[in-house]
Structures are given as structure tokens and as C-alpha cells.
Amino acid sequence: DTAVSQTPKYLVTQMGNDKSIKCEQNLGHDTMYWYKQDSKKFLKIMFSYNNKELIINETVPNRFSPKSPDKAHLNLHINSLELGDSAVYFCASSQRRNGYTFGSGTRLTVV
Amino acid sequence: AQRVTQPEKLLSVFKGAPVELKCNYSYSGSPELFWYVQYSRQRLQLLLRHISRESIKGFTADLNKGETSFHLKKPFAQEEDSAMYYCALNYGGATNKLIFGTGTLLAVQP
């Protein structure tokens with residue numbers, strides 16, 4: 001009964017491939033996010049959806065495309081993967097102005 | 001522009017010593033600040049937020065608007081406190097958009 005769950009936990013893939021990361025939350029939160037944590041542990045917001053509507057789209061290459069089929073799911077699709085995409089990707093959700101609940105992260109390694 | 005600064009990358013203390021993790025922010029609006037903790041290879045967890053004025057696991061943080069600071073403190077460190085600590089600022093208002101500091105790794109030595 002994990003609150004925010006991401007799959008897969010680990011993803012190793014070759015340059016040029018296309019991959020997806022899935023996120024689901026069972027908290028009934030209206031807002032979901034994708035954050036990227038780089039090798040220096042720096043966290044940066046990528047996208048945010050509120051009730052399936054995109055509300056934050058930071059400066060991210062358009063190879064990254066989020067999709068929210070319903071307010072409990074926010075998936076991240078990445079086309080033409082590059083070495084620099086290697087990072088840990090965290091999904092999170094929140095309700096109104098409360099703090100975030102994070103998923104356990106997906107460690108993406110592009111080789 | 002909004003910014004969160006955590007000046008220390010690493011803070012090493014002995015068990016039982018006091019801990020203060022520094023956080024300064026820059027924001028023109030009314031700040032909403034949070035501390036998150038990430039234990040080794042685990043998810044980030046909300047530790048506390050300034051509006052709650054709560055104490056979690058013995059940690060407290062007071063918002064000082066004059067000094068634009070939100071330092072995290074604990075009087076007696078425990079080994080299990082060893083983790084990465086992130087200070088975060090909600091600068092999106094209703095959109096609840098958080099900007100995180102670069103994090104401070106707290107290492108509590110036995």
C-alpha cells in the first residue's frame with residue numbers, strides 16, 4: 001500500500017533508446033510532479049500536473065514527455081536517450097500547499 | 001529570483017553533539033519552507049515545514065525572515081540521523097512548486 005510508487009526502480013539502457021517510467025499515487029492528491037536528481041544530488045523540477053492538466057513545464061528537452069491518463073498517474077516518456085539523462089528520477093504528489101510525498105525513485109543509467 | 005542556499009555540502013559531528021544545518025533563501029513573496037530528509041538510497045521524506053512549527057525526530061527549524069534563514073537544529077545528534085538533508089522553498093504559491101537547496105550530508109560519528 002505504498003503511497004507513491006514508481007516503476008521500474010532501476011533502468012539500464014543504451015543511448016538512442018526510448019523508455020518510460022510510470023508513477024502512481026493512491027493518496028487522492030490532485031498534483032503530481034517529476035523531479036530529476038543528478039549525480040551531485042541536486043534536485044530540479046521537470047513537470048507538474050494538476051488534475052491531469054500540465055501546470056509546470058520547466059526547461060527540459062522535448063525528448064521528455066509526461067503523460068497523465070488520470071490524476072492518480074503521471075508517466076514520463078523519454079525519447080532518444082542520451083548519456084546526460086542518467087540520473088535518479090523522482091515522482092511526487094501533493095495536495096494543495098502541503099509538502100510533497102515522494103516515490104522511491106527510478107535510477108536511470110544510459111550506456 | 002528565488003533561491004535556496006545550503007552552504008555546507010557535508011557536516012560531520014559526533015553522536016550527542018548539537019547539530020545545525022544551515023538554510024538561507026531568497027524570495028520576494030511570503031515564504032513557505034520545508035526540510036526534507038533522504039536516508040541512504042531511499043526516497044525523500046518530509047521532515048518538517050515551518051507553518052506547522054512541529055518537532056520531528058527531535059529536529060526543529062525556525063523561520064527568521066530578518067535573516068532569510070530556516071536553519072534545522074537538533075540538540076543531540078544520533079547515528080541514525082546520518083542522511084542527506086534538503087531545504088525547500090515553495091515559490092509557486094498555489095501551484096506548490098518547490099525549489100530545493102543543494103543538500104547537506106549529515107554524518108554522525110559514533
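Whatever comes next refers back to the structure up there.
Keep in mind that this is a model prediction, so the values were computed, not measured.

Draft legend 1. Here's a closer look at the overall build of chain A. Helix and strand content of chain A: 0 helices and 11 strands. For chain A, the sequential pattern of α-helices and β-strands runs β-β-β-β-β-β-β-β-β-β-β. On C-alpha atoms alone, chain A measures out to a radius of gyration of 13 Å, which is about the 13 Å that the 2.2 N^0.38 rule sets for 111 residues. On the principal axes, the C-alpha backbone points of chain A span a range of 40 × 25 × 25 Å. Among the 111 residues that make up chain A, the fraction classed as buried is 42%. Pairs at least 24 apart in sequence give 53% of the contacts found in chain A among residues at least 6 apart. Carbon and sulfur atoms form 48% of the exposed surface of chain A, whose accessible area is close to 5,500 Å². Separation between the mean location of the 14 positive side-chain charges and that of the 10 negative ones in chain A comes to 4 Å.

Draft legend 2. Spatial organisation of the layout of surface pockets. Of the voids in this model, the largest pocket is the one considered here, and its volume is about 300 Å³. In terms of lining residues, the largest pocket is bounded by 18 residues, among which Lys41 and Arg107 of chain A together with Gln38, Arg41 and Gln42 of chain B are the most central. If you list the elements that add at least two residues to the lining of the largest pocket, you get strand S9 (87-94) and strand S11 (106-110) of chain A together with strand S9 (83-90) of chain B. Within the lining of the largest pocket, the residues separate by chemical class into 7 nonpolar, 7 polar and 4 charged.

Draft legend 3. Seen up close, the interface of chain B and chain A. Contact residues are listed per partner, giving 23 residues for chain B and 24 residues for chain A. Summed over both sides, the interface of chain B with chain A buries roughly 2,000 Å², with 50% coming from carbon and sulfur. The largest per-residue losses of area from chain B upon contact with chain A belong to Arg43, Asn96 and Phe100 of chain B, which jointly make up 30% of the total buried on that side. Viewed at the interface, chain A and chain B are joined by 0 salt bridges. Joining chain B to chain A, the criterion identifies 8 residue pairs in polar contact (both at pLDDT 80 or more). Looking at the side of chain B that touches chain A, the elements that each hand over two or more residues are strand S5 (32-38), strand S6 (44-49), S9 and strand S10 (98-100) of chain B. The dominant element in the side of chain B that touches chain A, judged by the number of residues it contributes, is S5 of chain B, at 4 residues.

Draft legend 4. Up close: the pairing of S9 of chain A. Residues and elements named next belong to chain A. The element S9 is largely enclosed, with a buried count of 8 among its 8 residues. The two faces of S9 match: Ala87, Tyr89, Cys91 and Ser93 on one face and Val88, Phe90, Ala92 and Ser94 on the other face are all buried. As paired strands, strand S4 (residues 31-37) and S9 are joined by 7 bridges and run antiparallel to one another. Within S9, the position partnered with Gln37 by the bridge is Val88. As paired strands, S9 and S11 are joined by 3 bridges and run antiparallel to one another. Residue pairing for S11: Val88 is matched across the bridge by Arg107. Across 2 bridges, S9 lies against strand S10 (residues 101-102) in antiparallel orientation. Following the sheet pairing, Ser93 is matched in S10 by Thr101. Here S9 folds back onto S10, and the loop between the two strands holds 6 residues, one of which, Arg96, carries a positive phi near 55 degrees.

Draft legend 5. Structural view of unusual backbone geometry. Residues and elements named next belong to chain A. Residues Thr7 and Pro8 are joined by a peptide bond in cis, for which omega reads -5 degrees. As for its position among the elements, Pro8 is in the loop between strand S1 (4-7) and strand S2 (10-13). In this structure, Lys41 is a non-glycine residue whose phi angle is positive, near 70 degrees. Considering the arrangement of structural elements, one finds Lys41 in the loop between S4 and strand S5 (43-50). Even without glycine at this site, Asn51 takes up a positive phi of about 50 degrees. A residue is classified by how much of its surface remains accessible, and Asn51, at 40% relative accessible area, is partly exposed.

Basis of the calculations
Residues numbered from 1 in each chain as written. Chains lettered and ligands numbered in written order. Predicted model: local features only at pLDDT ≥ 70, side-chain atom pairs only at ≥ 80, totals over all residues. Heavy atoms only, no water. Helix = DSSP H or I, 4+ residues; strand = E, 2+ residues; numbered from the N terminus. Rg over C-alpha atoms; globule rule 2.2 N^0.38 Å. Buried < 20%, exposed > 50% of the residue type's maximum accessible area, 1.4 Å probe, protein only. Contact = heavy atoms within 4.5 Å. Areas by Shrake-Rupley, 256 points an atom, 1.4 Å probe, with all protein chains shown as cover. Lys, Arg positive; Asp, Glu negative; His and termini not counted. Charge placed at Lys NZ, Arg CZ, Asp CG, Glu CD. 1 Å grid on protein atoms, 1.4 Å probe; cavity = no way out; pocket = protein on both sides within 12 Å on 5 of 7 lines; lining within 4 Å. Points joined across faces, edges and corners; volume = space filled by probe spheres on them. Nonpolar A, V, L, I, M, F, W, Y, C, P; charged D, E, K, R; others polar. Buried area = accessible area lost by both parts, 1.4 Å probe. Salt bridge = Lys/Arg side-chain N within 4 Å of Asp/Glu carboxyl O. Polar contact = N/O pair within 3.5 Å; in protein donor to acceptor, adjacent residues only side chain to side chain. Pairing = 2+ DSSP bridges.

Shape is all these values report; function is a separate question.
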